[in-house]
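One-letter residues, chain by chain:
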Amino acid sequence: FFFFTNRPTLVTMAEPDDLYTLRAQFWLGHYQMAIEEAKSIARRPMPPNLKAEREEFLSRAYIASGQQDKATAMTDTPALQALALKAQFELSAGNEDIQATLVDQI
């Protein structure tokens, strides 16, 4: 249901959060810029959920930019563990035995 009133409403734009630029750089494919942005905002105080999301975007940017070895070291949360497995899978391209072992871990 929609409720309409005759009162004028004030519409304001929501302020972007601390990860706005990081997300934008990542989704635009500017992975190195996303990595630099994630490192620069790491020093800012932010809620734990945004810290976890920042780490996930950092790990994804490492994988996308071909730096899988850096992503495999990040395993603090289940999401980072999954991204580390993806990075290990990509690092073992051509070695089907290792890839089969990684798939079994999933």
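Residues numbered from 1 in each chain as written. Predicted model: local features only at pLDDT ≥ 70, side-chain atom pairs only at ≥ 80, totals over all residues. Heavy atoms only, no water.

**Quick notes on the nonpolar core**
Step number 1: Grouped together as the largest cluster of nonpolar side chains are 19 residues, with contacts concentrated most on Leu19, Leu22, Leu58 and Tyr62.
Step number 2: Every element with two or more residues in this core is listed here: helix H1 (20–27), helix H2 (31–41), helix H3 (48–64) and helix H5 (78–91).
Step number 3: By residue number, the principal contributor to this core is H3, which donates six residues.
Step number 4: With sequence-adjacent residues up to four places away left out, Tyr62 is seen in contact with Ile35, Lys39, Gln67, Gln68, Lys70, Ala71 and Met74. (Core = buried A, V, L, I, M, F, W, Y, C linked by side-chain atoms within 4.5 Å. Buried < 20%, exposed > 50% of the residue type's maximum accessible area, 1.4 Å probe, protein only. Helix = DSSP H or I, 4+ residues; strand = E, 2+ residues; numbered from the N terminus. Contact = heavy atoms within 4.5 Å.)

**Considerations on the packing of H3 against H5**
Axes are the key here: two packed helices are described by the angle between their axes and the distance separating the axes.
Step number 1: Where H3 contacts H5, the two axes come as close as 10 Å, and the packing angle between them is 5 degrees. One element, H3, and the other, H5, form an angle in the roughly parallel class. Across the interface between the two elements, Glu55, Glu56, Ser59, Arg60 and Ile63 of H3 pack against Ala79, Leu80, Leu83, Lys86, Ala87 and Glu90 of H5.
Step number 2: The residue makeup of the contact of H3 with H5, split by class, is five nonpolar, one polar and five charged. (Axes fitted to C-alpha atoms, helices over the stretch in contact; angles between N-to-C directions. Parallel < 35°, antiparallel > 145°, perpendicular 65-115°, else oblique. Nonpolar A, V, L, I, M, F, W, Y, C, P; charged D, E, K, R; others polar.)

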